[in-house]
Amino acid sequence: MNVELKNIHKHFGSVHANKGINLNIPTGTIQGILGENGAGKSTLMKILSGFIQPDSGSEVFLDGKPVVMHSPADAIKYGVGMLHQDPLDFPPMKLLDNFLLGLPGGIFPNRKEATQDFSLLAREYGFTFDPENYVDSLTVGERQQLEIMRLLFLGARVFILDEPTTGISAGQKEKLFATLKKFPEQAMTVIFVSHKLEDVESLCDRVAVLRGGELVGETQPPYVTSKLVEMMFGKEITLGERQPVQTGGVVLSMKNVSLEDVRMKVKNVSLDVRAGEVIGLAGMEGSGQGMFIRACSGLMRPVGGRIELKDKDLTGKSYHTFKRAGVNFLPAARLEEGLVPGLNLTEHFILAEEPKGLFIDRMMGQQLAEERIKSFNIRGKPHSTVESLSGGNQQRAELALLQSPLSLVLLEHPTRGLDIESVIYIWSKLKDRCKTDGAAIIFISSDLEEILQYSDRVLVFFNGKVSAPLDAGKTTVEELGQLIGGKGWADKGEAHD
Amino acid sequence: MIKDRFGNLAYQLAALLLAFGVVSLILISVDASPSETYKNIFKGSFGEMRKFAEVLVAFVPLLLVTAGLLVTFSSGLWNIGVEGQVVLGAIATTWVYRLLLESGLPPGLIIALAILGGMVGGAIWAALAGILKVFGGVNEIFGGLGLNFVSTALTIYLIFGPWKRPGVASMSGTVPFPDEFSLPLLANLRISPWALVIAFVGIVVIYFLLQGTYFGLRLKAVGKNFRAAYLLGIPTWQYAMYSFLICGALAGAAGAVQVAAVYHRLIPSISSGYGYLGLMVAMLINYQALWAVPVALFFAALNIGSIQLPIVMKLDSSLSGVLQGVLVLFVLLAAGVRQKFGRKAQ
Amino acid sequence: MRTYLARLAMLAMALMLVLSACGGQPAATEEAPAATEEAPAATEEAPAATEEAPAEPFVFGMLLVGPYNDNGWSQAHYEAGLYVEEKFNAKMIYLDKVNPADRPGTTPDQLAEELVAQGAKLVIFNSDDMKDASTTFAKANPDVYVIMASGDQVWEDGKVYEPIPNLTNIMGRMEYGKMIGGCAAALSTETGKIGYLGPLINDETRRLAASAYLGAKHCWEQAGNDPAALEFKVTWIGFWFHIPGFTTDPVDVSKDFYSTGFDVVISGIDNPVNLAEAQKFTAEGTPSTGVAYDYVAACSAAPDVCLGVPYFNWGPDYLTAIMSAADGTWESQFIFSGPDWSDINNHDTSAIGFVKGDALSDENAAALDAFIADLAGGLNLWTGPINLQDGTAYLADGEEATDQQVWYLPQLLEGMQGLSASE
């Protein structure tokens, strides 16, 4: 299906998010859309998928015919489906029911038939799901896969993916790309929105770059990375050199810790983490790293072993006890777990402070908010509600909520969905905090380069197995990739310091 | 921002007009004049001091219940059990009276203790809903409904059983207390200034609690995102319990006032439906404590003013309930429409 | 999103003000009551009233505990009010369903004040449930006359006597009606089991249930049956009528009676729900009948199974009291009126009456007439020996009960089943 966007404008109040964008996407291509956060990518894609309406004068053509889409349901009727950055599914439902949602047809869906279709489709794309399983038992990566399947099932011809590779492992990404590369053969059009140059370069037939709401350029292979980066940011940026840190005393000590949930067991992990150290946790989604990081924060109770924080035994204590001891956990699902939608930045900062007396000093709160907003470079006002912020700014706000004194910061996908600038900023802030407070960091990421770049040591998880800590300076993306995929474990052995 | 406010007001005005429009249509369909009806309701509630005093009699428990519900709504809880908490407040108040009437203590002290007892009674009943929710995993709506039924059954049991009038087994209620044990009323009116004071203290405390304290902010965080609130270090289930206790105490105070200032005894429907009516008020004002006073007064006025309808116009006074319900529906509808429309407009 | 929702309420209030102002301005001050009194009854009455006397009609108010058309207690009062309007230059305003379940948050004294505000110079409280409120109201409004029907506050020989000059008690001697009803039941029962559907338990309901029993026992024995074979059981529901959630359902009680061999149920509550059940059971092959209560036309609910109805005829006493209030000869008194034995169904003279129902056989009807004639001739069933339910002697052999002994009967009688609710 051919997609043509003509003179797309969109205002949000005083913000001009799309400034007259013209873009023609031929049938059967994989179109990359590059741009940093706030460049207008998401707005453009939401217009194309019916979530929001463009300003008048804007026109969308599908196969040459002008269309007006009032809702995502409308869009899917025209064959346009969108996969979101934060998967829009319904956590307490069964996979199958989630899948059945939005299907055309009667009041009583034919569950048996749907189950068959579901399994067939899943096999075709190499996803393994139990249709009777519940959505909230899936990882974010798996949820994205489910959403992709649902859109395929609904018969999408134009397929919009908004940062699809951020939540999933390298293996899943490869599988996804292989899938997407088949789409053009079936005359399907793929629009791939990302800030990851590597992904765009390896997948897309053509790339359009947005900056500041405008289309600043279109290129075709062969891509020149530095050129793309320049188009995105107006200047060239690199991650910079790895900086080894001096480490202090032991902050966290895990001794033969065993964890268990319904799906997985992690056995006998021992690990000492020192002040100033950064530990990266690598592995496919749901390989045990989530349980591990939750155990470190007291959110999951170990079935065996001891967890000590600065020589204090906290085994089996609650998260709040850990928190009082200086442990902060920043979950991946920012609006679901990390922040309180409906409350503004000032209120968040007040909440994170120790109460002084009974009544809130509003002036103090306002000042505090202004300070934090400035020092964490958050694009927002003290009275902005957190849900009105972009993903990167939400992440900065979460960082700004870190308590003081701090001894251990636990992060799940701290930079998922963020542009390079934000990634660099957030890590520099994090490292700063750790240096001043003498805190250690443990983080989960599916981005191996990020892990290598920022970790001192790396633990690799595979199906509940935990590798011995690897020196990040000596290992490579290849080695980690192999371990994540379950290869080369013989010489790495199990766990332990 | 200003434009936004205008838009909001327009939606509410539309909702209000629609609500009155629908009720007017109902009236016309039964051959009653809407303007006559509204006039009678208005005259019956604000027409003279005595009637306004009756409005205040209904306003006091309604405001107390609403104040309590603001707390549970803030923490994300649907405290349907508030009706039963009013009842238990009344039962506890009656119980304290029965214990102390013969004690020789000064009546003022007995009244104070009885009202305090009512607050404790309501809080305990709310705590039950809270315990069911927090430890038993029973949704507070179902737990509350169940407890409401139990509270009614308990009232009936007490009135027919241990607390019955000598030689009588009737729904009419327990033996009235002597006059000196009820909250003093204004001369020639049925409203007690003390009851008004209790109600206003209640709403003012809740206003400041929710607007200005760390406690209130934490409650809101718990209400808006339980998970995140926990990760931010707020002891979430304790806060849920606190909000139940506060709401229960205020509902209990409403029940206490019903006994100490209105009925002077325990009657079967002592709560007079103020719990459910309070839920409507709280929904309508959407957490805004400031608005509790005018809206509760409006609802109380509808309740009292509509007594005129059967007397003067041979209309059923449940019409006021229809108007209240329709109003809440349309306001929620307007908010929904606005939300949908608003999102599209972005 | 809904920050300003609440502003709405203010608007609503303002709107109400505006609407009412628009609607009411022309007629607002002078003619308000007349303009609003558009009920059909009022318009019918109006011309007659003006013909008879150009003077302002005497306005009296009435608080009815149940619906004005309940086919029972409240309707009997309501029609008595119409009777007064017919016989005298008077106008009734009334409020029905005056009970805490139907009008939550209100008190009868408060509602009585609403009637006064509408011009009532006399207020009738029609239920025992409102006794305390009538006292409160009478004391607070010494200028307003009060009739407390079924009450005993101003009975000098009563237990709770309190002089309240503007209050009068009126009650019919329903004991006779109940005796006749009990007799009809005893004559008609095949099983010898009579059920009594009791409201709440108090002095009044005890004496009426006991009277029904005395009538039943008398006629049962007169007909030559074995006294021991008569079963008479009282089940109380808890109020004068069914209030869902608060009282026992009288339908269930009736069902229980009819399904356990009680083929006659006497209603002691404000409406004849037992008749509908009797009809159902009869239709299903269990011949069942019932005795209604309170309202002259109550049998109309199910004439085929109705043995008859003892009813109140409040009209004459109300008329006398209201006329005395109007002409200034009012006296606070306790009125306990019996039937007019020359014709107990005389609408203008008899305070209580009995209408036979279709279900009463001709033979039994004749026997019942004979019983009524005996009563008229001086037969007093409240004559000893009568023992209370617990066996204590209440009336010695040959002793006739005083009004106090009848009114304040402390328990049910020996031979009756059911709770007495004594301490």
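What you see is a predicted model, and the numbers here were worked out from it, not measured in a lab.

Caption draft 1: Just the overall build of chain A, in detail. Assigned secondary structure in chain A consists of 18 helices and 21 strands. For chain A, the proportion of its 497 residues judged to be buried stands at 44%. In chain A, once contacts between residues fewer than 6 apart in sequence are set aside, the share between residues at least 24 apart is 70%.

Caption draft 2: Seen up close, helix H5 (residues 108-117) of chain C. All names here are of chain C. Of all 10 residues making up H5, 9 are buried, and the element is well covered by its neighbours. Along H5, the positions that sit buried rather than exposed are Pro 108, Asp 109, Gln 110, Leu 111, Ala 112, Glu 113, Glu 114, Leu 115 and Val 116. Note on H5: the residue one or two positions beyond its end, Gly 119, has a positive phi of about 110°.

Caption draft 3: Structural view of the sheet that holds strand E11 (residues 250-260) of chain A. Residue and element names in this part refer to chain A. Strands sit in the order E12-E11-E14-E15 across an open sheet of 4 strands; the sheet is antiparallel. Taken across any chain shown, the strands that pair with only one partner, and hence form the sheet edges, are strand E12 (265-274) and strand E15 (312-313). Bridge analysis of E11 against strand E14 (residues 304-309) gives 5 bridges, and the strand direction is antiparallel. Along E14, the bridge assignment pairs Ser 253 with Glu 308. Strand contacts of helix H9 (residues 289-297): E11, E12 and E14, with the helix running at about 125° to E11, the strand carrying the most contacts.

Caption draft 4: Region of interest: the sheet that holds strand E7 (residues 158-162) of chain A. All names here are of chain A. Spatially, E6-E7-E8-E3-E9-E10 is the arrangement adopted by the 6 strands of the open sheet, whose pairing is mixed. A strand with exactly one partner marks an edge of an open sheet, and here the two such strands are strand E6 (80-83) and strand E10 (214-219). Ignoring which end each strand starts from, the neighbouring axes of this sheet average 20° apart. Bridge analysis of E6 against E7 gives 4 bridges, and the strand direction is parallel. Within the sheet, the bridge partner assigned to Leu 83 lies in E7 and is Leu 161. Packing of helix H1 (residues 41-48) onto the sheet brings it into contact with strand E3 (30-34), E6, E7, strand E8 (189-194) and strand E9 (206-211), and relative to E7 it is tilted by some 150°.

Caption draft 5: Region of the structure containing unusual backbone geometry. Cis geometry marks the peptide bond from Pro221(A) to Pro222(A); its omega dihedral reads -5°. With respect to the secondary-structure elements, Pro222(A) resides in the loop between E10 and helix H8 (225-233). Look at the link from Ser404(A) to Pro405(A): it is a cis peptide, with omega at 0°. Within the secondary structure layout, Pro405(A) lies in the loop between helix H14 (391-400) and strand E17 (408-412). If you check the backbone angles, Asn256(A) has positive phi at about 50° while not being a glycine. By the secondary structure assignment, Asn256(A) is in strand E11. In this structure, Ser150(C) is a non-glycine residue whose phi angle is positive, near 75°. Mapped onto the elements of the fold, Ser150(C) is located in the loop between strand E4 (145-149) and strand E5 (167-172).

Here is what the cut-offs are and how they apply
Residues numbered from 1 in each chain as written. Chains lettered and ligands numbered in written order. Predicted model: local features only at pLDDT ≥ 70, side-chain atom pairs only at ≥ 80, totals over all residues. Helix = DSSP H or I, 4+ residues; strand = E, 2+ residues; numbered from the N terminus. Buried ≥ 20, exposed ≤ 12 C-beta atoms within 10 Å, placed from the backbone. Contact = placed C-beta atoms within 7 Å. Pairing = 2+ DSSP bridges. Axes fitted to C-alpha atoms, helices over the stretch in contact; angles between N-to-C directions.

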